[in-house]
Structures are given as C-alpha cells and as structure tokens.
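Survey of secondary and tertiary structure
In case you want the letters, here they are:
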Amino acid sequence: MALLCFFVVLFFPGFSNAQDQAANWYFGFNAGVNFNDGGVNSLTDGALSTNEGCSVISNEKGELLFYTNGVNVWDRNHNIMPNGNGLNGHPSSTQSAVIVPKPNSDTIYYIFTIIDFFKAEGLQYSEVDMSLNGGNGAVTSQKNVFLVAPGTEKISAVQHSNGVDYWVTAHLWDSSSFATFKITATGVEATPLISDVGSYHGGAGFNVIGCMKFSPNGKKLAVAKWSTNSFVELFDFNKETGVVSNPVLIDNFFGADYLDGAYGLEFSTNSQYLYVSDLNQQYYTSELHQLDLSVFTPSAIKASNVVLAKERRLIAGLQLGPDGKIYVSNTFSSYLSVIEAPNNKGLSSDYQYRTINLSGRSAIFGLPSFIQSFFIGKIEVENTCFNDAVAFDLITSESIDSVLWEFGDGTTSTLIKPEHTYAAVGDYLVKAIFKSGSCTYNVAKNFTIYDMPIANAVTDYVFCEDIGNDGFETFDLSSKTADIMGAQSTTLFEVSYFESFEDATDGVNMLNSMYTNTSNAQDIYYKISNTLSSDCYDISSFKLIIETETAGTPIDLVLCDDVSNDGVETLSLSQFDDEVLDGASPTDYDVKYYESQAEADAGGPGLNTNVFTTSSSNQELFARLENKATDCFSTSSFNVIINDTPTAYVAEDLFICDDGSNGGKAFFTLGDQTATILNGQAGNVTYHKSQAEAETKSNILPENYENQSATEEIFARVELSSNTECYALTSFFIRVSSQPIIDIDEVWYLCPGESVQVYVSSMHDEYLWNTGETSSGIMVDQAGDYTITVSNIDNSRCSITKTVRVVDASLPLAVHIEINDWTTNSNSVVITTEGAGAFKYSIDGNIYTSSNIFDNLDAGDYTVYVTSESDCMVYSEDIYLLNYPKYFTPNNDGYHDYWKIEFAETEPDLEVHIFDRYGKLIIQLNPHSKGWDGTFNGRMLATSDYWFVVNRPSKNRQYHGHFTLKR
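Note that the structure is predicted; figures quoted are calculated from it, not measured.

Some points on the overall build of the protein
- The helix and strand inventory of the protein stands at 8 helices and 72 strands.
- The buried share of the protein, reckoned over its 967 residues, is 49%.
- Taking all contacts inside the protein whose residues are at least 6 apart in sequence as the whole, residues at least 24 apart take part in 57%.
- Approximately 43000 Å² of the protein is accessible, and the part contributed by carbon and sulfur atoms is 48%.

Laid out in structure tokens, this is it:
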C-alpha cells in the first residue's frame, strides 16, 4: 500500500497541508488572530459571532478565503457569500463546522455542519465554489446536503493515508457508533463507514456537548463528553480504511455533574500528549490537563496526568496553531492563553495565561476547527535573501522515510534538508511530500525571497575646516543616505549608521544622524537593510575627515602693454595654475580665479582662464584651490602689472634685381629702415634673421648685410630708451629677383577631330603667346610650333621665352579581334592592330595596358577599347563571350526557370538543338527565345541530364555538351 500512496501523491497532487492554510482565525465575538508574519497579531475586521463552533480556511499563501459559524459564510472581504446563509449548523454547537477542500480542485470546498443537541438536521454539507462572485466565492446549489442524523456536537477532519483524500468523522447520538465519510476528487461519498466501538452517547441533552479531535498524524481519535458522568475516550484510527477501533476510556476522572466535565481537546504536534479542558459552568472554575499517551492504557494515561492550570475562569476550546503551539480560549476574555511547548512533558510544556491580546474583541467557548493534518509538521526556511542558498527543514514528529521537495519555481529535491538558490525575488510556495511508513503527508509553506540591497560606495565625509580647532565636528550622517541608496527603493530599503562593523551586523547602538566624530579619519559603518526582512542587508563604510587646504601664491606677473599703451591686457590665467597647485595634482584639484576675495570665498564659475582682460595697469587677482573630492578650498592672491610697450612701425620691403653676375646675392643697408620703424620714438632698433632671435635679442645683423638666399625676412626689434624690458617686433623682406624658370612640355599630341590645351605648369606674373593670348594656356586645333614668353615682376621684370610643338597623333590602319570563348572563366580575347605607332588596349574602359592579350575571362559581354600612346581613343567594339548553364530548375520560382545559351541573342544565326539521353530531339531554340522550360509537347520532363548541339556560323564552329534538369 505504501507504493500506492507514493504514486497517488506524485501524479495527483491534491490540496497540500500547509500551516499557512490555518493562518487566519475568526471566533467568539468578532475576535480573530493572524499568524502570517511569524508572530500572532489580533484581527478586528471579522464579522463572525459564535459561542462555540466555527471554521476558517486560507490559501497556501496564508491569504484568507472564507469563514463560517455553521450558519453564515463570510468571504475574504467579510461579506456574506451569495447563498451563504441558512446553513444547518448552529453557533452553540460545540464544533458547528469544519471546512474541507475537494481533492485535486483549486476552487471547490465543502463546509460540514453539525447542528446543536441532536436535532434532525444532524450532519450536512454545503459546497463553496471560489471561482464564483468575482473570485470571492459563493455557496452553490449543493447546500445543506443531508449525510446522517442524529448526531452529537462533534466533528473532526483528517487527511487520508494517500495524502490526497480526506476523512470527516462525527459521533452519532443515542449510539456508540462513529460515522466516517470519505471525500475524494469526485466529491463527498454519501455512504458512511460506521464504526460501532466505544462508549454510548445519549441520555440527558447536555451529554451531546464536548469536542472530538484527530491527532495531527491521523492515528488517534479523542472524544470528550461533557456533563453527567463526563469522560474522555481515545481510539486508534486507520487513515487508510477510516475504521475507528481500540477504545481506551478515561472515566471517573473529570467533573461528572450536570454542568461539569471534559470539554476541549487538542493533541500535541507529535501526537504523544493530549490536552483536555475540564470546566465547571456552575461554579465557573476549570482545569487544564496534560495526558501522556505513550502507554495506551487507561491506568497509564490517568497516572501521567499533569494539571497545568486551575482557574476561576472557564478554560474551554483548545486548538493547535500553525506555529505548533496550542491556543486556549478563556471564556468571555479579550485574551487567549498559550501552551508554548506542547511536545514537552508536564509543566515544561509552559502554559502562559492571557498572552495574546484580542484588541477588545472576546473569545467565548470555541476556537476554529481545522483539518488536523494541517499540523502534522511545518517547514522552516532560513536564508531568504536573494542569491542566498535557502535552507529548508521539515519539522515533524513523524519518521521521514523519503521526501520530495517542490521549491515553487519548477525545481525539486529529494534531500531531507535541501538548499536551493532562487533566480528571482518574490513569493514562493514550497511543498514537502514525505513518506512515513505506508502514509504520505503533504506540508507546504509560503515564503518570500527578499531583494538584497547594495550598500553603494560613497565618498568619505569631509569637513573642510576645524571650526573649533580641536579636531572634532558634528557631521550630518543622513546626508550620505541618498548616495548609499542610489536608485534603490526608499520604501523597500532603509539606511542606518554605526561605529563598528559588529554593531552594524547586530543592528545595535545605531547612531543619531547628527554625530560628533571621536577621531580624525574615523570609520563609520552604514547598513542598508530590506524593510521587509532585516536579515537582508549590506554593510560598507566611509571615513569622517577634517581637512584643510593651502593654495600656493603665484609670483606677480609683469606684462608689456600693447601698442595702445592703455594699461589693459588680455592674458591666460591658466599660466598660474602650477604655482597655485604648488605640487598638488590637477587631477585632484580645481583652480579658479576671481577679482575679489569675497568672490573667491563664495566659489562659483570664476573668471575665463583662457581669455582674461585686465581692468587696470596694476590689478590684484585671487586664486581658489578646491579639492574635487572634498570641496575643501584655500585662496591666495597676486598682481598683474602692465608696462608701456614701444610701437614697431612697418617698413617697406627692399628689392634688388639680379643681373646674373653675382649669383643671386647683394648687399642691403638695413640701417636705412631704422628711422621709418621708430617713427620719432626715443629708442633703438636691432635686426635679426628670425623672430626667435629678435625675441631674445641674439645674433644681431650688421647694418650692411649681404643676403644668403634670394628672399629673406628680416626681423626688427624696437626698445624704448626708458624701458628695455618691453619691446615690439616688425619685419620686412629683402629680395634678389631671379630669371623665371618655365615648366611646359615640349611636344603635345592632337587627337583626330579634337583640340588640345597647351599650358604652362609653372606660376608666373605674366604670359604672352605668339597667338597674342595672355593666359597660362591656349587651345590648339592645328599642328605646328607655338611660342610662350613668361615674366616675374618683383620690383623689376624678369622674362623667358620657349617654343613647343603640336603634332598629330598616329592611328591604326585596321583592328582585328579574336575571341576564344565557350568556357566558364577560361575565355580569351586577342586584339591586333595594323599600322605604325604604339597603342594601348582595354576591355573595361578603365585599365589600359600595352598587352593586346586578355585571358582567364568569364563568359559575358565586354567592350574592346584601343587608344593611341597619347590617350586618343581610336577604336571600340562590343563583344560577347558565350557559354551555357550547367543546370536549370524549371519550378516557376523566378530562378533558373529556363535553359539557353548565354548571350545567344548577340548571334542571330546561332542554332541550338537539345536531345534527351537517348538522342531524341526535344527542341530547337531560337537565339532570341527565353530558352527551354523543361517540357516536351506540354509535358514536364523528369530530372535528368540532357545533351545539346550548337552550330555557330559566325565562328564556323560546332559545340557539344550536356546539362541537368533538376526538379
């Protein structure tokens, strides 16, 4: 049978037992609690009011679906469902209702109701379809479906051993029988399994009261009968067959009066201990018992009894929670009590009185009924930050023979304690399907993989000056928060600050945002945490630094004014950068300049460092040195002083015409230029061969200077007698004119029927041809001799004359073209000319060569060109190199649909005959036709090789070959 259990779960996964399905409770007078966030929080939005029985169901994510008191059904929005009233339970029935999902359905649920006392309605069920009413659910027409009557006020549900189906058990009235109903994927089986075993339930009306509970593992069943001769009876339960057996009666042990006795029941999660509330409604007292079921005999169980509490208040309903604790209803109290460790023996089970505050709402007698299998175990999840290996542990008191984990992202594991890394943040439902003996259990848990924040690196926090001069300052740590967060969500993440890494890790001793450092360059640790999960965080640090800067002071700059001598000059301020930096790196610091100390202190864009114009002949400027990383700065100042500058007036160039006798050299009297350059100023002039020598006043030339080249630039330096530091420069040229050199071809070729432009390549001032024209070139259409005279004018005229000849270009007497084709790319053309003269040849009009042979040519059309050596075009002719395709595919796709001789249309007398492989004539092609389409007498011929004969009269040649028709 174990194999059957396994395969049923594997191929028919039903509604998993998940502690989150019991995450929401509504009970009593509008009371409720929620277990979703790891703690227990009160709910005040419930609409339910009941003295005793009720039931709630949530989905596997812990989200409320609906709840009932056995009469009305409320949806997740706390509205009564359509058709959701008038169910035949009763608010004063001990266990008025229990909700069971339909196996293998995500939408259908059954509400089993048991009416109060032993009325005729007995045990019934109603169907809820969650796909109705916009997903909020509605009670269907299957409402108040009768199952059995009369019954006691007891009902409990547990999962079948196959891990899919469910059992719902009630105890009949005036009987010793249990009626157990099986719920499968086809619905509720109407015929119950009757187990006639144990004590008789009947007599006085109050004997109908008391709870019944399955153990979480489904192997035990406990029944409490309140009122006269109260008792608790324990049974074995067969989860596979539904049979109740082996009664163990615990009688003469609890209160036995009419208003006294055992009422509430609950098992520990390990199913070893049974907890019983024994309440006396007449005297308003109660006791809470723990019974050890390890030895399953009446005497042993009675001997194990430990009274956990005696109260002057009624301890009534008991119910396991998703956290494995048992919650206790203290009647008419706004608190729940808790058994913190129900799996522990005796007082170590740790009963805590009035622990859970219900926020003004009241518990009465009952707490919600659930499928007891929900509490067979739970899944613990650790390391739920993104990119962490999440650790899973299945907590159960049952032995685990094997387990199949489904991680909720399509991946699985069979390890007992697996680890798994998720690819994305979000909510996941993890399921553990485990085998224990012949039975299969399903446990599920919804959890969240939380986004892992990144502590973005930030710059150190720098104070630019020590206000108190004591090394301590108050820093606003929160000013770093935005940079630490970056683009991350301020809703999802938060930043806190600490003095040590250990404090940041533990989340203790968090610093206030306004913080005074304890030392310079002190480390501050910042922690960015996920607000939804404090375990997901990242830590980094920055330093608190108190820093000062010192700007270097540039040396005053002395400038010479321009010729206006207005005391104003334009200069580049960046020339002072190195002095201001004073060894600091320009990569780390900015240097800016200002016209006042106030402007330098305030910062701002500063003066234009490339082009700055002074406002006086002695102006103070202020430099600001600013640390790019910290914004700390320092200032210094310097002066710009402007002195008068002489004017160097322009002198005319000096020219001497070369007579050809002195090799292009002559003596120039440079001193003759001095009076013109000074133009009345008191000063002196020196002459130099370069501007650099004039700038440095080096290599002064003599006043009587012999030139070293035909044209030289002479630089004059002018200094005032009153200030030799400031000077001005001017220059003039000295030239010795030489005879022109004319650049022109001596022979020009005249192409037939054309004219030729004859021109001088060299540049000159004047041109004169024997035709009377004065341009550098003339158009000539007749052969003959032509004379050109050119002149250079350089304060004197120098001329030269030259004669050139224009001759007719030679032509060939005849041109012959020999074509060798009928290959793919081994064709050739030979061009032969008759007559005197040298010629050039081309077959593309671009590349010309003296060779008249062109080979290795592809089939196609070409144009033959012949030119004279002087590039006159003398002949051209279009030619065609024939060839044939090696196959064709006549399938009407526009490609290779016809077969023909390439360029056949260029030879109108070409004859083409096509034969099949047996020599049968298929078609004769005209050179101008589209070609053969692969048919014969309208019928498509098959794929094969075909043969052809081409008669080419123009070449007196015949060609044979074959090609392939492909289909």
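Thoughts on the nonpolar core
- Membership of the largest hydrophobic core comes to 70 residues, with the highest contact counts inside it found for W25, F27, F66, F112, L123 and L336.
- Looking at this core, the element that brings in the most residues is strand β8 (residues 108–114), giving 6 residues.
- Once residues within four sequence positions are removed from consideration, L336 is found in contact with F27, V33, Y327, V328, S329, N330, R354, T355, I356, L358, A363 and L367.
- Judged by nonpolar contacts, the second largest core, of 21 residues, contains F888, W932, F936 and L941.

Focus: the pairing of strand β53 (residues 723–737)
- Both strand β52 (residues 711–720) and β53 contribute to a ladder of 10 bridges, which runs antiparallel. Paired with V718 across the strands is A728, a residue of β53.
- Counted between consecutive antiparallel strands, the loop separating β52 from β53 contains 2 residues.

Section: the UniProt feature "domain: PKD" (unreviewed entry) in the protein
- What UniProt calls "domain: PKD" (unreviewed entry) maps, in this numbering, to residues 405–431.
- Strand forms 44% of residues 405–431 and helix 0%; the C-alpha atoms that close the span are 6 Å apart.

Comments concerning the state of the cysteines
- Following the criterion strictly, the structure yields 2 disulfides and no others.
- The disulfide that involves C385 links it to C536, with 2.0 Å between the sulfurs. Of note, the bridge from C385 to C536 carries an S-S torsion of about -105 degrees and is left-handed in sense. Placement of the pair is C385 in the loop between β29 (377–382) and β30 (390–396) and C536 in strand β41 (residues 533–546), with a sequence separation of 151 residues. The pair C385 / C536 is uniform in exposure class, with both members buried.
- One disulfide in the model links C560 with C726; its S-S distance is 2.1 Å.

Some details on the sheet that holds strand β27 (residues 335–339)
- Spatial ordering of the open sheet is given by β25-β26-β27-β28, a layout of 4 strands whose pairing is antiparallel. Strand pairing shows two members of the sheet lacking a second neighbour, β25 (315–320) and β28 (351–357), which therefore form its edges. Averaged over all neighbouring strand pairs, the angle between strand axes comes to 35 degrees, with direction disregarded.
- Note: β27 against β28, 4 bridges, orientation antiparallel.

Considering the sheet that holds strand β72 (residues 957–965)
- Pairing within the open sheet is mixed, and its 5 strands lie in the order β66-β72-β71-β67-β68. Of all strands in the sheet, those with a lone pairing partner are β66 (887–888) and β68 (921–925), marking the two edges.
- Pairing between strand β67 (residues 911–915) and strand β71 (residues 944–952): 5 bridges, direction antiparallel. In the sheet register, H913 faces β71, and the bridge partner there is V949.

Here's the deal with the confidence of the model for the protein
- Chain-level statistics for the protein give a pLDDT mean of 90 and a share of 97% at 70 or above.
- Counting interchain partners and residues more than four positions distant, the pLDDT-below-50 stretch residues 1–17 has 48 contacts.

Description of the environment of T396
- Structurally, the position occupied by T396 is in strand β30.
- Put simply, T396 and D451 are 55 residues apart on the chain and 30 Å apart in space, counted from C-alpha to C-alpha.
- Residues contacting T396, with those up to four places away along its chain left out, are I376, G377 and F434.
- Here the side chain of T396 touches I376 through a polar contact of 2.8 Å, landing on its backbone oxygen.
- From its side chain, T396 meets the backbone nitrogen of E398 in a polar contact 3.2 Å long.

Observations regarding the side chain of T331
- For T331, the location among the structural elements is in the loop between β26 (326–330) and β27.
- Reaching out from T331, the side chain makes a polar contact with the backbone oxygen of I364 at a distance of 3.2 Å.
- Contact partners of T331, with chain neighbours within four places excluded, come to Y284, R313, L314, A316, A363, I364 and F365.

Some details on empty space enclosed by the protein
- This model, assessed by the stated rule, comprises 2 cavities of 30 Å³ or more.
- Quantified by volume, the largest cavity comes out at close to 80 Å³.
- Together, E52, T94, Q95, C211, K213, Y263, G317, L318, Q319, G366, L367 and S369 line the largest cavity.
- Ranked by residue count, the leading element in the lining of the largest cavity is β25, at 3 residues.
- Of the residues in the lining of the largest cavity, the class split is 4 nonpolar, 6 polar and 2 charged.
- The computed volume of the second largest cavity comes to approximately 40 Å³.

A closer look at the side chain of S373
- Inspection of the secondary structure assignment puts S373 in the loop between β28 and β29.
- Looking at S373, its side chain comes within polar contact range of the main-chain nitrogen of Q159, at 2.7 Å.

Points about the pattern of salt bridges
- With the rule as written, the count across this model stands at 20 salt bridges.
- Among the ionic pairs, K220 bridges to D236, the shortest N-O distance being 2.5 Å. Residue K220 is found in strand β18 (residues 220–225), and its partner D236 is found in strand β19 (residues 231–237); the two are separated by 16 residues along the sequence.
- Overall, the relative accessible area of 18% leaves K220 in the buried class.
- Within the structure, one salt-bridge network assembled from shared partners comprises K697, R717 and E719.

Let's talk about the packing of aromatic side chains
- This structure, assessed with the given rule, holds 52 aromatic pairs.
- Relative to W173, the ring of F118 lies with its centre 4.5 Å away and its plane at 5 degrees, an arrangement referred to as stacked. In this pair, F118 sits in the loop between β8 and β9 (123–129) while W173 sits in the loop between β13 (166–172) and β14 (175–184), placing the two residues 55 residues apart along the sequence.
- Using a relative accessible area of 33% as the deciding quantity, one classes F118 as partly exposed.
- What makes W173 buried here is its relative accessible area of 9%.
- Through pairs of rings, three or more aromatic residues link up here, namely W822, Y884, F888, W899, W932, Y946, F948, Y959 and F963.
- Geometry around F633 places R624 over its ring, the cationic atom sitting 3.6 Å from the centre.
- K886 extends its terminal NZ or CZ atom over the ring of Y884, reaching a point 4.3 Å from the ring centre.

Quick word on the environment of T587
- Examined against the element boundaries, T587 turns out to sit in the loop between α5 (577–581) and β44 (589–594).
- For T587, a relative accessible area of 60% gives the class exposed.
- Considered as a pair, T587 and N627 are 40 residues apart in the sequence and their alpha carbons are 9.5 Å apart.

A look at unusual backbone geometry
- Residue P150 follows A149 across a cis peptide bond; omega there is -10 degrees.
- With respect to the helices and strands, the residue P150 is situated in the loop between β11 (145–148) and β12 (151–159).
- Phi at N229 takes a positive value of approximately 55 degrees, unusual for a residue other than glycine.
- Positive phi values are uncommon outside glycine, yet D582 reaches one of about 50 degrees.
- Mapping D582 onto the fold places it in the loop between α5 and β44.
- The class of D582 is exposed, set by a relative accessible area of 59%.

The rules behind the values
- Residues numbered from 1 in each chain as written.
- Predicted model: local features only at pLDDT ≥ 70, side-chain atom pairs only at ≥ 80, totals over all residues.
- Heavy atoms only, no water.
- Helix = DSSP H or I, 4+ residues; strand = E, 2+ residues; numbered from the N terminus.
- Buried < 20%, exposed > 50% of the residue type's maximum accessible area, 1.4 Å probe, protein only.
- Contact = heavy atoms within 4.5 Å.
- Areas by Shrake-Rupley, 256 points an atom, 1.4 Å probe, with all protein chains shown as cover.
- Core = buried A, V, L, I, M, F, W, Y, C linked by side-chain atoms within 4.5 Å.
- Pairing = 2+ DSSP bridges.
- UniProt positions renumbered as here; feature names shortened; annotations may be inferred.
- Disulfide = S-S within 2.5 Å.
- Axes fitted to C-alpha atoms, helices over the stretch in contact; angles between N-to-C directions.
- pLDDT = per-residue confidence, 0-100.
- Polar contact = N/O pair within 3.5 Å; in protein donor to acceptor, adjacent residues only side chain to side chain.
- 1 Å grid on protein atoms, 1.4 Å probe; cavity = no way out; pocket = protein on both sides within 12 Å on 5 of 7 lines; lining within 4 Å.
- Points joined across faces, edges and corners; volume = space filled by probe spheres on them.
- Nonpolar A, V, L, I, M, F, W, Y, C, P; charged D, E, K, R; others polar.
- Salt bridge = Lys/Arg side-chain N within 4 Å of Asp/Glu carboxyl O.
- Phe/Tyr/Trp six-rings, centres within 6.5 Å; stacked < 30°, edge-to-face > 60°.
- Lys NZ or Arg CZ within 6 Å of the ring centre and 35° of its normal.

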